[in-house]
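Fold and geometry: a report
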Amino acid sequence: MVGAGAAGLYAALVAARQGARVALVSRSPLAETASYWAQGGIAAALAEEDSPERHLEDTLAAGRGAARGSAARVLCDESPGRVRDLERLGVRFDADRHGALALGLEGGHSARRIVHAGGAATGRRVTRQLSALAATHERIEVLEPVAAVALWLSGDRCIGLLGRDGRGGAVPLLARGTVLATGGMAALWERTTNPPGALGAGLYLAAAAGAVLADLEFMQFHPTALAAGSPGDGFLITEAVRGEGATLLDPSGERFVDELAPRDEVALAIESRLRQSGERAVWLDMRAIDTERFPNIAAALADAGLDPKRDLVPVAPAAHYTMGGVATDLHGRATLAGLHAVGECACTGLHGANRLASNSLAECMVFGRRAALAAAARPAPPADAGAPPPPLPPPLPGASTRAALWRLAGLVRDADGLRELARDPFPLARSIAAAGLAREESRGAHQRRDVPAPDPALDGRHAVLRGEASPSMERWD
Ligand SMILES: Cc1cc2nc3c(=O)[nH]c(=O)nc-3n(C[C@H](O)[C@H](O)[C@H](O)COP(=O)(O)OP(=O)(O)OC[C@H]3O[C@@H](n4cnc5c(N)ncnc54)[C@H](O)[C@@H]3O)c2cc1C
């Protein structure tokens, strides 16, 4: 198991529960995972008036005609069971005054279906509990800090990986199934809500070993990330504050957008104001709301020298969530035998062009379980595995690549900019450019100023990338 965020921790526990022995490899501490920072919650149709069908309808609507229906159905059918399992594992979700789960409403959901833990501290509470269980489980060996630096192949099968520990020592690991749970790649963009390690390491390892990637053109931008310079630049200010009445003001102090419109619409409206005005930020006016309900936000703003009761808060969009990733089937199986991917590094196709809020933690659990069971059922690696592979060059983008992704593959792109990005020295940047060029339309998170409308011929199609060849636009069931 590579990665100890929500997906890797949960998958490790499921595999161990099945009787498997698990090596859990993590490059960085828990507090540096995206999972730890998740503020909202986990989407699951648990309310009496709700149903997996309704959750599915909302997920498909958010995906703007590009979501893979079978994967979205699995998510919506199975997330209630995963929430119950997390409760059995000791996660204490917030309850109402009758002791039932308190279910929240978020943008794009037609029913109350978001479970929270500790208010806006869901990610922290869930991962701390899973991490504590993994650390003490007799069949899980936690190897931290160890970075996976290459996948180990035997013929056309993945049989493990080469890791590198904190002192540079080699850690070769053989496994029946190798599960990537390495998180997304939003930190490749200059402005991001993600921790700095979210650089797509799993995508890079998988592609180098010959696995297929998909949907890389779909990066979700969050509209309201702090834009106050450091410290705290990119800190996410949840839309729940807009739900409580915070308003957005343009540089001349005017309201310019329905603050409760879907995330991609608000982000595009802000982007357009910033382009017109040449300013770096618009203002979030939180002066009329009760900031005590958002203590983590008040604390982050205080660190940045801002008092939301008195000051307008500068915000601007930032890269937030990677819809694409290592292409997998409904059991987390990548196209390379023996390799699985789960969580944000994977692309089941379920999010289509736009992830519905709080579906990603649900995905970590639902597909984490499926991948864990499938990986544990693989045959043992061969006895004559040969020597472990050499390490790949470190997948570290330079500052110029991060600036180029922001400038050329930001909220609005065009073919000229994507062609420029396709010459970037960083391989993943080139792949993102290739996917953006292949999708000759605007849809969800992929807005092309040169082709501003969706193309019905691309409904349900995914940009599938095999090596450095141009992606093909394929339909997935
Ligand atoms: C600020 C913020 C708020 C969010 N809020 C929500 C929310 O409310 N609800 C929701 O559903 N989603 C939310 N999301 C998205 C969600 O948190 C992520 O999609 C999800 O947590 C990803 O989990 P993961 O386990 O796939 O990856 P991560 O949690 O990012 O974990 C990745 C792990 O992989 C390890 N790793 C990476 N590369 C290597 C390597 N080469 N070798 C070894 N280890 C490696 C890292 O050290 C880490 O342990 C939010 C995201 C952010 C950033």
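The structure we're discussing is the one just above.
Now for a description of the structure that goes with this document. This structure is a prediction, so every number in the text was calculated from the model and none was measured.

**Regarding the overall build of the chain**
Of regular secondary structure, the chain possesses 13 helices and 21 strands. Relative to the globule expectation of 23 Å for 477 residues, the C-alpha radius of gyration of the chain, 21 Å, shows essentially globular dimensions. Judged by the C-alpha coordinates and their principal axes, the chain covers about 70 × 55 × 45 Å. In the chain, which comprises 477 residues, the proportion classed as buried is 57%. For the chain, contacts bridging at least 24 residues in sequence account for 68% of all contacts bridging at least 6.

**Looking at the packing of helix 1 (residues 6-17) against helix 5 (residues 122-136)**
Where helix 1 contacts helix 5, the two axes come as close as 9 Å, and the packing angle between them is 40 degrees. As summarised for this structure, helix 1 and helix 5 are arranged oblique, according to the angle between their axes. The hand of the helix 1/helix 5 crossing is left-handed. Residues Ala 6, Leu 9, Tyr 10 and Leu 13 of helix 1 lie in contact with helix 5, whose contacting residues are Thr 127, Leu 130, Ser 131, Leu 133 and Ala 134. Of the residues that constitute the contact of helix 1 with helix 5, the class distribution is seven nonpolar, two polar and no charged.

**Notes on the sheet that holds strand 3 (residues 103-104)**
Working definition: the strands of a sheet are paired by backbone hydrogen bonds and lie parallel or antiparallel to each other. Strand order in the open sheet formed by three strands is 2-4-3, and the pairing between neighbours is antiparallel. Both edges of this open sheet fall to strand 2 (42-43) and strand 3, since each of them pairs with a single strand only. Pairing of strand 3 with strand 4 (residues 114-115) involves two bridges; the strand directions are antiparallel. Its bridge partner being in strand 4, Leu 103 is matched across the sheet by Val 115.

**Section: the packing of aromatic side chains**
Scanning the entire structure with this criterion turns up three aromatic pairs. Judged by centre distance (5.6 Å) and plane angle (75 degrees), the ring pair of Tyr 36 and Trp 37 falls under edge-to-face. Taking the relative accessible area as the measure of exposure, Tyr 36 reaches 11% and is therefore buried. Between Trp 189 and Phe 221, the aromatic rings sit 6.5 Å apart at their centres with planes inclined by 80 degrees, giving edge-to-face as the arrangement. Here the residue Trp 189 occupies a position in the loop between strand 9 (178-180) and helix 6 (201-208), and Phe 221 occupies one in strand 11 (residues 219-226), the gap between them amounting to 32 residues. According to the relative accessible area criterion, Phe 221 is buried, its value standing at 6%. Through a chain of ring-to-ring contacts, three or more aromatic side chains come together here, namely Trp 189, Phe 221 and Trp 406. It is Arg 124 that lies over the ring of Trp 37; its NZ or CZ is 5.5 Å from the centre. Over the aromatic face of Tyr 321 sits the side chain of Arg 355, whose NZ or CZ is 4.3 Å from the ring centroid.

**Topic: the sheet that holds strand 21 (residues 472-475)**
Taken together, five strands build an open sheet; the order of strands is 17-15-10-20-21 and the sheet is mixed. Edge strands, defined here as strands with exactly one partner in the open sheet, are strand 17 (346-347) and strand 21. Most of the contacts of helix 6 go to strand 15 (residues 325-327), to which it runs at about 40 degrees, and overall it touches strand 10 (213-214) and strand 15.

**Here's the deal with helix 1**
Taking 1.5 Å per residue, 12 residues should reach 16 Å; helix 1 reaches 16 Å between its end C-alpha atoms and fits that length. Extensive coverage of helix 1 is indicated by the burial of 11 of its 12 residues. Against strand 1 (22-25), helix 2 (34-37), helix 4 (69-88), helix 5, strand 5 (140-143) and helix 10 (359-376) lie the buried residues of helix 1. Just past helix 1, the residue Gly 19 takes up positive phi, approximately 100 degrees.

**Re helix 4**
The terminal C-alpha atoms of helix 4 lie 29 Å apart, and with 20 residues this matches the ideal 28 Å at 1.5 Å per residue to within 8%. Within helix 4, the axis deviates most sharply at Glu 78, by approximately 40 degrees, and proline Pro 80 lies no more than four positions further along. Burial in helix 4 covers these residues: Ala 71, Ala 72, Val 74, Leu 75, Cys 76, Glu 78, Ser 79, Pro 80, Arg 82, Val 83, Asp 85 and Leu 86. Summarising the contacts, the buried residues of helix 4 are in contact with helix 1, strand 2, helix 3 (52-62), strand 4, helix 5 and helix 10. At the C-terminal side of helix 4, Gly 90 shows a positive phi close to 105 degrees.

**A short note on the pattern of salt bridges**
Scanning all chains against the criterion turns up 28 salt bridges. Ionic pairing is found between Arg 88 and Asp 85, a salt bridge with its closest N-O pair at 3.6 Å. Of the two residues, Arg 88 and Asp 85 both sit in helix 4, three residues apart, roughly one turn of that helix. Judged by relative accessible area, which is 4%, Asp 85 ranks as buried.

**Examining the site of the ligand**
Lining the immediate environment of the ligand, one finds 38 residues, of which Ser 28, Ser 35, Gly 40, Glu 344 and Ser 360 sit closest. Interatomic distance of 2.7 Å between a side-chain N/O atom of Ser 28 and an oxygen atom of the ligand. A distance of 2.5 Å separates an oxygen atom of the ligand from a polar backbone atom of Gly 40. Protein contact buries 96% of the 1000 Å² of open area that the ligand shows by itself.

**So, the side chain of His 320**
Assignment of secondary structure puts His 320 in strand 14 (residues 313-322). The exposure class of His 320 is buried, given its relative accessible area of 13%.

**A look at the side chain of Ser 79**
Tracing the sequence through the fold places Ser 79 in helix 4. Not counting residues within four places of it along the chain, the set of residues in contact with Ser 79 comprises Ala 43, Ala 44, Ala 45, His 55, Ala 362 and Val 366.

**Regarding the state of the cysteines**
Scanning all chains against the criterion turns up zero disulfides. The thiol of Cys 158 is unpaired, and the distance to the nearest cysteine sulfur, on Cys 345, comes to 13 Å. With relative accessibility at 0%, the residue Cys 158 sits in the buried group. You can see Cys 345 has no disulfide; the closest cysteine sulfur is in Cys 364, sitting 9.2 Å from it.

About the cut-offs
- Residues numbered from 1 in each chain as written.
- Predicted model: local features only at pLDDT ≥ 70, side-chain atom pairs only at ≥ 80, totals over all residues.
- Heavy atoms only, no water.
- Helix = DSSP H or I, 4+ residues; strand = E, 2+ residues; numbered from the N terminus.
- Rg over C-alpha atoms; globule rule 2.2 N^0.38 Å.
- Buried < 20%, exposed > 50% of the residue type's maximum accessible area, 1.4 Å probe, protein only.
- Contact = heavy atoms within 4.5 Å.
- Axes fitted to C-alpha atoms, helices over the stretch in contact; angles between N-to-C directions.
- Parallel < 35°, antiparallel > 145°, perpendicular 65-115°, else oblique.
- Left-handed = near helix turned anticlockwise from the far one by under 90°.
- Nonpolar A, V, L, I, M, F, W, Y, C, P; charged D, E, K, R; others polar.
- Pairing = 2+ DSSP bridges.
- Phe/Tyr/Trp six-rings, centres within 6.5 Å; stacked < 30°, edge-to-face > 60°.
- Lys NZ or Arg CZ within 6 Å of the ring centre and 35° of its normal.
- Expected span 1.5 Å × (residues − 1).
- Bend = angle between axes of the 7 residues up to and from the residue.
- Salt bridge = Lys/Arg side-chain N within 4 Å of Asp/Glu carboxyl O.
- Near = heavy atom within 4 Å.
- Polar contact = N/O pair within 3.5 Å; in protein donor to acceptor, adjacent residues only side chain to side chain.
- Areas by Shrake-Rupley, 256 points an atom, 1.4 Å probe, with all protein chains shown as cover.
- Disulfide = S-S within 2.5 Å.

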